[in-house]
Amino acid sequence: MHLLKLAFRPWRTSAFMQTFSALGAGAAFSSAILMGWCSLSLEPVMHRLSSEQVITAYLDPELAQEDEGKVVDTIRTALGSQAVSDLKLVRALEFIAQVRQEHPDLAEQLEGLGGAELDAVIPRYVSVSGTFSTGTVDTIRAVKGVGSIETSVHKAASLVGSVAAIRWITILVSVALAFAACIVTFQVIKFNTQQFADAVSFMELMGGGGARSRVPGFFSGTLFGVLAGATAAASWYFGADYLLSHLRTLSPLVSELPQVPATGAAFAAAITLLIGTFSGVWAGAFSPARRSAGGRAWL
Amino acid sequence: MISLKSVCKEFQGQRVLDQTSFELNRGEFLYLLGGTGAGKSTLLRLLATEEQPSSGSISLFGYTLDTASKATLQAIRQSIGYVPQEVRLISDFTVLENVALSITTGGRRALPAQAHVRINEILEKLGLGTKRDRLARTLSGGEAQRVAVARALARNPELIIADEPTGAQDKESTWSLMDLFLKANISGVTVILATHDSEIVRRVRKRCALLKNGRMTLEELACIY
Ligand SMILES: Nc1ncnc2c1ncn2[C@@H]1O[C@H](COP(=O)(O)OP(=O)(O)OP(=O)(O)O)[C@@H](O)[C@H]1O
Ligand SMILES: [Mg+2]
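Just so it is clear, the model here is predicted, and its values are computed rather than measured.

### Some details on the nonpolar core
And then number 1: Counting residues in each nonpolar core, the largest one holds 41 residues, and the members touching the most others are Leu 47 and Leu 60 of chain B.
And then number 2: When residues of this core are assigned to their parent elements, the largest contribution, 5 residues, is made by helix 10 (residues 197-205) of chain A.
And then number 3: Filtering out sequence-adjacent residues up to four positions away, Leu 47 of chain B remains in contact with Ile 2, Leu 4, Ile 58, Leu 60, Ile 80, Ile 161 and Ile 192 of chain B.
And then number 4: Val 147, Ala 148, Ala 154 and Leu 193 of chain B belong to the second largest nonpolar core, which has 40 residues in total.

Shown next, in the form of structure tokens:
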């Protein structure tokens with residue numbers, strides 16, 4: 001009871017400072033975790049952008065029409081379990097159909113060629129899109145019946161750079177916020193333990209146990225952690241989605257970020273509470289109560 | 001019971017206690033005398049295990065402090081009733097809470113019934129009966145000092161270390177304080193009392209120790225005043 005009363009001493013003397021520091025630290029912790037989550041979520045986006053490609057495998061002009069299916073099957077097998085989003089064979093007629101959408105005149109002319117001539121002008125090709133490992137192009141090139149090959153892998157390079165930059169910014173902001181919030185928490189708890197250091201040191205001098213004398217610091221830290229944790233959870237619960245929705249409209253680069261998980265609120269609260277409690281125990285252990293005024297003490 | 005061997009205490013090179021040695025047996029009563037700044041409080045802080053000497057060794061209740069374990073040190077501290085010169089009450093605790101704290105810090109969670117009776121008795125005796133529920137910071141200097149004495153006595157100590165406990169008292173309170181110290185002494189408690197009050201020393205004749213220039217001389221009788 002006495003120890004609890006001591007733990008509340010900073011609240012009696014500086015309630016506003018305690019409250020606003022806890023609110024600030026809680027909001028900062030929650031933002032730090034949100035930014036951390038963003039950087040984690042951007043990683044698969046980046047990975048996909050950097051490895052997603054469209055491979056165009058032109059078929060050997062000599063290849064007989066009835067063997068086309070076999071080549072497509074071989075390519076499909078060669079890709080194995082890789083993420084294929086599309087795999088199709090494009091023949092002259094299908095190519096013309098594609099061209100017609102944008103250039104109807106050209107399609108008309110091509111159709112006029114007809115037969116063998118058409119086949120000579122328009123190569124057949126297999127178009128494969130998906131996320132592939134680096135050796136995939138060579139694997140497809142080696143398939144019998146494939147003439148030359150093209151890949152779009154470098155088209156996304158600038159996009160990947162931008163996402164990487166955004167990701168670094170989120171990491172930086174996350175670390176900076178977490179650091180600031182930790183410092184605020186430690187400072188407030190240290191200030192709190194100084195508030196009751198006189199009482200704790202006298203209790204130790206009367207033979208109070210070491211663990212008991214850390215109770216006020218522990219309570220004070222936990223109390224701060226509870227308040228900051230609740231703030232962190234609330235700001236995550238009510239603010240994270242809202243913020244993210246605005247971020248998504250801001251730039252198409254982050255539009256692929258998934259929904260903010262609701263469990264993040266619990267996570268933010270737990271982390272914040274833990275840091276509060278830890279700082280209480282820490283400050284209790286190193287409190288000025290353990291240093292006597294006249295130099296060395298028997299503690 | 002108490003034994004100091006060549007104890008020195010220095011603060012930033014200034015030697016306050018110089019090779020002080022003395023022994024005190026269980027149940028003795030000792031006045032610690034000396035001018036202001038002589039080092040009385042410094043010596044009592046060492047005895048109360050608040051500070052370590054710069055050199056030399058101190059033993060209390062047969063344990064040498066240098067080698068005592070943490071648990072022993074705690075047990076020693078629980079057997080001491082210490083009245084510091086600066087009183088050191090917990091300002092936002094009531095008188096009763098301050099006094100009760102000296103019993104509960106010993107590890108007990110709740111105050112035993114007989115401790116309640118004892119606390120009330122002591123507070124009554126010291127004229128603090130009506131001030132039980134006052135916050136310590138609202139007390140006068142003399143009242144606070146008496147609460148500090150009550151706090152030291154309530155825990156039934158084996159050793160009382162009192163640093164000028166009558167410094168802020170009028171005649172009447174001085175004698176009720178002295179009465180409590182003497183009663184405790186008669187029941188076997190060892191008492192060390194630092195004081196400037198020559199009248200006490202003259203009226204209640206006990207062994208005296210005089211601190212001067214960092215050295216201590218023991219006198220069998222109060223022959224200083
Ligand atoms: N923590 C400290 N740091 C530096 N000097 C100190 C410290 N504590 C005490 N001193 C010095 O040691 C000397 C003795 O101080 P002490 O308090 O023991 O005197 P005292 O005999 O109790 O005096 P008084 O009768 O005024 O209470 C003084 O000169 C004081 O300035
Ligand atoms: Mg003094």
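### A look at the site of ligand 1
And then number 1: By nearness alone, 17 residues border ligand 1, and Thr 36, Lys 40, Ser 41, Thr 42 and His 196 of chain B come closest of all.
And then number 2: Residue neighbours of ligand 1 fall on chains A and B, so the site bridges chains.
And then number 3: The separation between an oxygen atom of ligand 1 and a polar side-chain atom of Lys 40 of chain B is 2.8 Å.
And then number 4: Note that an oxygen atom of ligand 1 is positioned 2.9 Å from one of the side-chain N or O atoms of Gln 85 of chain B.
And then number 5: Relative to its free-state accessible area of 630 Å², ligand 1 is covered by the protein chains to the extent of 71%.
And then number 6: Looking at the shell around ligand 1, the elements with two or more residues in it are strand 2 (14-24) and helix 1 (40-47) of chain B.

### Observations concerning the coordination of the magnesium ion (ligand 2)
And then number 1: Here the magnesium ion (ligand 2) is held by Ser 41 of chain B (OG) and Gln 85 of chain B (OE1), and the distances to it run 1.8 to 2.1 Å. Here Ser 41 of chain B is found in helix 1, whereas its partner Gln 85 of chain B is found in the loop between strand 6 (80-83) and helix 3 (95-104), with 44 residues between them in sequence.

### Quick notes on the environment of Leu 3 of chain A
Residue and element names in this part refer to chain A.
And then number 1: Tracing the sequence through the fold places Leu 3 in helix 1 (residues 2-7).
And then number 2: Separated by 211 residues in sequence, Leu 3 and Arg 214 place their C-alpha atoms 9.0 Å apart.
And then number 3: In this structure, Leu 3 is in contact with Met 203, Arg 212, Val 215 and Pro 216, ignoring residues within four places of it in sequence.

### Some words on unusual backbone geometry
Residue and element names in this part refer to chain B.
And then number 1: One non-glycine residue with positive phi stands out, namely Thr 49, at about 60 degrees.
And then number 2: The exposure class assigned to Thr 49 is buried, which follows from its relative accessible area of 0%.
And then number 3: Of note in the backbone geometry, Asn 213 takes a positive phi value of approximately 50 degrees without being a glycine.
And then number 4: Of note, Asn 213 is situated in the loop between strand 9 (207-212) and strand 10 (215-219).
And then number 5: Taking the relative accessible area as the measure of exposure, Asn 213 reaches 71% and is therefore exposed.

### A short note on the sheet that holds strand 10 of chain B
All names here are of chain B.
And then number 1: A sheet is described by the order of its strands in space; here 6 strands give the open sequence 6-7-8-3-9-10, paired in mixed fashion. Each of the sheet's edge strands pairs with one partner strand only, and the pair in question is strand 6 and strand 10. Strand-to-strand twist across the sheet, computed as the mean angle between neighbouring axes with direction ignored, equals 15 degrees.
And then number 2: By the bridge criterion, 5 bridges tie strand 9 to strand 10 in an arrangement that is antiparallel. If you follow Lys 212 over to strand 10, its bridge partner there is Arg 215.
And then number 3: Packing against the sheet, helix 1 makes contact with strand 3 (29-33), strand 6, strand 7 (159-163), strand 8 (190-194), strand 9 and strand 10, and its axis sits at approximately 150 degrees to strand 7.
And then number 4: Helix 6 (residues 171-186) rests against strand 3, strand 7 and strand 8 of the sheet, and its axis sits at about 135 degrees to strand 3.

### Here's the deal with the confidence of the model for chain B
And then number 1: Averaged over every residue, the pLDDT of chain B is 89; the share at 70 or more is 95%.
And then number 2: Across the interfaces of the predicted complex, the ipTM metric reaches 0.89, alongside a pTM of 0.77.

### What to know about the pairing of strand 1 (residues 2-11) of chain B
Residue and element names in this part refer to chain B.
And then number 1: The element strand 1 is extensively covered by neighbouring structure, given that 7 of its 10 residues are classed as buried.
And then number 2: The pairing of strand 1 with strand 2 spans 7 bridges and is antiparallel. Its bridge partner being in strand 2, Phe 11 is matched across the sheet by Gln 14.
And then number 3: Following strand 1, the chain reverses through 2 residues before pairing antiparallel with strand 2; Gln 12 in that reversal takes a positive phi of roughly 45 degrees.
And then number 4: Looking at chain direction, strand 1 and strand 4 (residues 55-60) are connected through 5 bridges and run antiparallel. Residue pairing across strands places Leu 4 opposite Ile 58, the latter belonging to strand 4.

### Re the packing of helix 4 (residues 113-125) of chain B against helix 5 (residues 141-154) of chain B
All names here are of chain B.
And then number 1: The interhelical angle for the contact between helix 4 and helix 5, taken along N-to-C directions, is 145 degrees, at an axis separation of 10 Å. Here helix 4 and helix 5 pass one another in a crossing that is right-handed. Across from Arg 118, Ile 119, Ile 122 and Leu 123 in helix 4, the residues of helix 5 making contact are Ala 150, Leu 153 and Ala 154.
And then number 2: Taken together, the residues that form the contact of helix 4 with helix 5 break down as 6 nonpolar, no polar and 1 charged.

### Here's the deal with helix 4 of chain B
All names here are of chain B.
And then number 1: For helix 4, with 13 residues, the first-to-last C-alpha span of 19 Å sits near the 18 Å given by 1.5 Å per residue.
And then number 2: Within helix 4 the residues assigned to the buried category are Ala 115, Ile 119, Ile 122 and Leu 123. Each buried residue of helix 4 sits inside an arc of 95 degrees when the element is viewed along its axis, so together they form one side. Projecting away from the buried face of helix 4 at angles above 90 degrees are the exposed residues Ala 113, Gln 114, Val 117, Glu 121 and Glu 124.
And then number 3: At the C-terminal side of helix 4, Gly 127 shows a positive phi close to 70 degrees.

### Considerations on the packing of aromatic side chains
Residue and element names in this part refer to chain A.
And then number 1: Following the criterion strictly, the structure yields 7 aromatic pairs over all chains and no others.
And then number 2: Seen in terms of ring centroids, Phe 16 and Phe 20 are 6.2 Å apart; in terms of plane orientation they differ by 10 degrees. Their pairing is stacked. Of this pair, Phe 16 and Phe 20 both sit in helix 3 (residues 15-51), separated by 4 residues, roughly a single helical turn. For the residue pair Phe 16 and Phe 20, the accessibility class agrees, reading exposed in each case.
And then number 3: Consider the rings of Phe 186 and Phe 278, whose centres lie 6.1 Å apart with planes at 55 degrees: the pair is tilted. Of this pair, Phe 186 sits in helix 9 (residues 157-195) while Phe 278 sits in helix 12 (residues 263-285); the two residues are 92 residues apart in sequence, bridging distant segments of the chain.
And then number 4: With a relative accessible area of 23%, Phe 186 lands in the partly exposed category.
And then number 5: A relative accessible area of 48% places Phe 278 in the partly exposed class.
And then number 6: By the ring-pair criterion, three or more aromatic residues cluster together here, those being Phe 186, Phe 278 and Trp 282.

The rules we used
Residues numbered from 1 in each chain as written. Chains lettered and ligands numbered in written order. Predicted model: local features only at pLDDT ≥ 70, side-chain atom pairs only at ≥ 80, totals over all residues. Heavy atoms only, no water. Core = buried A, V, L, I, M, F, W, Y, C linked by side-chain atoms within 4.5 Å. Buried < 20%, exposed > 50% of the residue type's maximum accessible area, 1.4 Å probe, protein only. Helix = DSSP H or I, 4+ residues; strand = E, 2+ residues; numbered from the N terminus. Contact = heavy atoms within 4.5 Å. Near = heavy atom within 4 Å. Polar contact = N/O pair within 3.5 Å; in protein donor to acceptor, adjacent residues only side chain to side chain. Areas by Shrake-Rupley, 256 points an atom, 1.4 Å probe, with all protein chains shown as cover. Donors = N, O, S within 2.8 Å, 3.2 Å for Na, K, Ca; no water. Pairing = 2+ DSSP bridges. Axes fitted to C-alpha atoms, helices over the stretch in contact; angles between N-to-C directions. pLDDT = per-residue confidence, 0-100. Left-handed = near helix turned anticlockwise from the far one by under 90°. Nonpolar A, V, L, I, M, F, W, Y, C, P; charged D, E, K, R; others polar. Expected span 1.5 Å × (residues − 1). Arc of directions from axis to C-beta. Phe/Tyr/Trp six-rings, centres within 6.5 Å; stacked < 30°, edge-to-face > 60°.

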